[in-house]
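# Chain and residue survey
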2 protein chains.
Amino acid sequence: MIVAIVGVGLIGGSAAITLKEKKVAKKVIGVDRSDANLKKAHQLGFIDESASLEEAISRADVILLTMPVDAILAVLPSILDQVSNQVVIDMGSTKAAIMRAVADHPKRGRLVAAHPMAGTEYSGPEAAVANLFKGKVMVYVDATQSDDDAFDLADAITEHLEMQAIFMNAEEHDMHTAYVSHISHITSFALALTVLEKEKSQGRIFELAGSGFESTVRLAKSSPDMWTPIVRQNRDNVLEVLHEHIKQLQQLYDVLEQEDYDTFYKLIKKSNKIRRILK
Amino acid sequence: MIVAIVGVGLIGGSAAITLKEKKVAKKVIGVDRSDANLKKAHQLGFIDESASLEEAISRADVILLTMPVDAILAVLPSILDQVSNQVVIDMGSTKAAIMRAVADHPKRGRLVAAHPMAGTEYSGPEAAVANLFKGKVMVYVDATQSDDDAFDLADAITEHLEMQAIFMNAEEHDMHTAYVSHISHITSFALALTVLEKEKSQGRIFELAGSGFESTVRLAKSSPDMWTPIVRQNRDNVLEVLHEHIKQLQQLYDVLEQEDYDTFYKLIKKSNKIRRILK
């Protein structure tokens, strides 16, 4: 089949690499606002040609939307306007606003909303890698709103990417991702800002940075073009979890200020329950 | 030479593995409050025998202190009381309080204060691994207070561990580690508490947890026995950095609440400067 990738970056590129490798995609057409990105994607070999959005829609069997979520929100209605039997798979990181924007669209059934829980802190075509998705979770959102054949085609792609499927509605999805993805990025941004600020007066501070620091701050390398639209579309949930997180930090602060080390110990012990979740 | 490891956990065990492998340590004597830990260390083969602290001090050429920092603070003066020409290497994660406790000790010169910037979120003898220290930084603290021969022996060990040496005074060390190590642990503890709390009402929340979440929260697996004494001894610095970090998070909260996405974008962009530091 012919696959169009709208947004030739980390997600679109990584999907294209695997779909070409497995010969699922006979041809991959790249669409991107940036000519430099298209050129790079071509050089890297994961797109066969580039085209305008309109041309790609008309020629492809399946259209993967892998651009930032503000762009998805802006163009999805007009993409559905142009679709006959093609399948459109929205792979964005937020869902509720996007689902609302096309809820009553006559071609809503051709859309499959799916969020691959996979990524790195890097972006752009050079960031695309084989096996990015392997073993990860694909979240289908409001799957009952998709036509059966459209869902089946999307699910075949999910299987080729070797992902595990789970199902949720859009509101659940956005709340859950705020708690297990968006907040992680915001704490990293804030931690980077904290330490970079201190470096101005204490130049040597990073000489001591080890793997623990790197682990908690690496997401601060993430692109503002991708993340500003995510927090914008998921503002209410992000504000809720950020409020809770600040409360937990303030509690640790207060307990330490009061030199209540028994309570500090108990709070660390309680946080250790995360071992149940993480491998 | 004969090496005594006081505290047969992640750090002591990992050092013993390498020093035995490289035949630097003819014999490793383990000292620990826990008989189960000593038995395990013996089974794992990184100690040759166990002994009381007193006996280990009298028989060893070099004594590595790799127990939690409250234990180091409590026993270091009496260890130095028992030392003649042996070398004591304090490998704890905080320094100022410990340095003050032995500042006027007649045997202060036999002590080398060194902090290996290496570790994982795991603890205990089973956590010990070969090559934990390789390529990492060893921070020597107040090195001019050590006798030349004591420092040279400690530095030979640092070279066998294939670490890179840097030098600082105790106050600098404690401030810097608050910014690039201790705060990373505290944000992970708080993030784990935030999400575990939410899980109580939203059971499915962890189904979506990916590598970004794991990265920012894995340090919350760290032992309260190790970390409560660290934050206690480094309380003032930890309070300072925690205050700054909460301020940065509150700023992101306020900007998002005001829907000022231009500023949010700029703050992410500014945090991206961490790319300069991280590989």
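Residues numbered from 1 in each chain as written. Chains lettered and ligands numbered in written order. Predicted model: local features only at pLDDT ≥ 70, side-chain atom pairs only at ≥ 80, totals over all residues.

## Thoughts on the overall build of chain A
- For chain A, the count of helices and strands is eleven helices and eight strands.
- What you see for chain A is a C-alpha radius of gyration of 21 Å, in line with the 19 Å of a compact globule of 279 residues.
- Split into buried and exposed, the 279 residues of chain A put 52% on the buried side. (Helix = DSSP H or I, 4+ residues; strand = E, 2+ residues; numbered from the N terminus. Rg over C-alpha atoms; globule rule 2.2 N^0.38 Å. Buried ≥ 20, exposed ≤ 12 C-beta atoms within 10 Å, placed from the backbone.)

## Topic: the environment of Lys20(B)
Residue and element names in this part refer to chain B.
- Looking at where Lys-20 falls in the secondary structure, it is placed in helix α1 (residues 10-21).
- Distance from Lys-20 to His-245, taken between C-alpha atoms, is 42 Å for residues 225 residues apart in sequence.
- Non-local contacts of Lys-20, meaning those with residues more than four positions away in its chain, are made with Ala-25, Val-28 and Phe-46. (Contact = placed C-beta atoms within 7 Å.)

## Topic: the domain arrangement of chain A
Residues and elements named next belong to chain A.
- Taken domain by domain, chain A consists of domain 1 (2-168) and domain 2 (173-276).
- For domain 1 and domain 2, the distance between their C-alpha centres works out to 30 Å.
- Listing elements by their share of the side of domain 1 that touches domain 2, those giving two or more residues are α4 (69-82), α5 (96-101) and β7 (137-141).
- When residues in the side of domain 1 that touches domain 2 are grouped by element, the largest group, three residues, is from α4.
- The residue inventory of the side of domain 1 that touches domain 2, partitioned by class, reads eight nonpolar, four polar and three charged. (Domains from an automatic or database assignment. Nonpolar A, V, L, I, M, F, W, Y, C, P; charged D, E, K, R; others polar.)

## So, unusual backbone geometry
- The backbone of Lys23(A) sits at a positive phi, close to 60°, despite the residue not being glycine.
- In this fold, Lys23(A) is placed in the loop between α1 (10-21) and β2 (27-31).

## Examining the interface of chain A and chain B
- Counting residues at the interface gives 80 residues for chain A and 80 residues for chain B.
- For the side of chain A that touches chain B, a count of residues per class yields 44 nonpolar, 21 polar and 15 charged.

## Here we look at the sheet that holds strand β1 (residues 2-6) of chain A
All names here are of chain A.
- With mixed pairing, the eight strands of this open sheet are ordered in space as β3-β2-β1-β4-β5-β6-β7-β8. Because the sheet does not close on itself, it has two edges, and the strands there are β3 (49-50) and β8 (164-168).
- When strand β4 (residues 62-65) meets strand β5 (residues 87-90), the two strands line up parallel, connected through four bridges. Looking at the pairing, Leu-64 lines up with Ile-89 of β5.
- The strands that α1 touches are β1, β2, β4 and β6 (111-116); relative to β1, the one it contacts most, it runs at about 165°.
- Those strands touched by helix α7 (residues 170-199) are β6, β7 and β8, and its axis lies near 140° from that of β7. (Pairing = 2+ DSSP bridges. Axes fitted to C-alpha atoms, helices over the stretch in contact; angles between N-to-C directions.)

## Considerations on the packing of helix α9 (residues 224-233) of chain A against helix α11 (residues 261-271) of chain B
- Closest axis-to-axis distance for the α9(A)/α11(B) pair is 9 Å, and the angle between their directions is 135°. It follows from the interaxial angle that α9(A) and α11(B) lie oblique. Crossing handedness for the pair α9(A) and α11(B): right-handed. Contacts between α9(A) and α11(B) involve Pro224(A), Trp227(A), Thr228(A), Val231(A) and Arg232(A) from the former and Tyr261(B), Phe264(B), Tyr265(B), Ile268(B) and Lys269(B) from the latter. (Parallel < 35°, antiparallel > 145°, perpendicular 65-115°, else oblique. Left-handed = near helix turned anticlockwise from the far one by under 90°.)

## Some details on the relation of the copies chain A and chain B
- Superposition record for chain A on chain B: RMSD 0.0 Å, screw rotation 180°, translation along axis 0.0 Å. The superposition of one copy onto the other is thereby described by a two-fold rotation axis. Closest approach to the rotation axis within chain A is made by the C-alpha atom of Thr216(A), at a distance of 2.2 Å.
- Counting the interface residues of chain A, we find that 100% of their copies in chain B are interface residues as well, pointing to one common contact surface. (Least-squares fit on C-alpha atoms with pLDDT ≥ 70 in both.)

## A closer look at α11(B)
- Among all positions of α11(B), only Phe264(B), Leu267(B), Ile268(B) and Ser271(B) are buried. The buried residues of α11(B) occupy an angular sector of 100° when projected down its axis, which confines them to one face. (Arc of directions from axis to C-beta.)

## Remarks on the environment of Ile5(A)
Residues and elements named next belong to chain A.
- Among the secondary structure elements, Ile-5 is positioned in strand β1.
- With 45 residues separating them in the primary sequence, Ile-5 and Ser-50 have C-alpha atoms 9.4 Å apart.
- Once residues lying within four places of it in the same chain are set aside, the contact partners of Ile-5 are Gly-12, Ala-16, Val-28, Gly-30, Val-31, Ile-47, Leu-64 and Thr-66.

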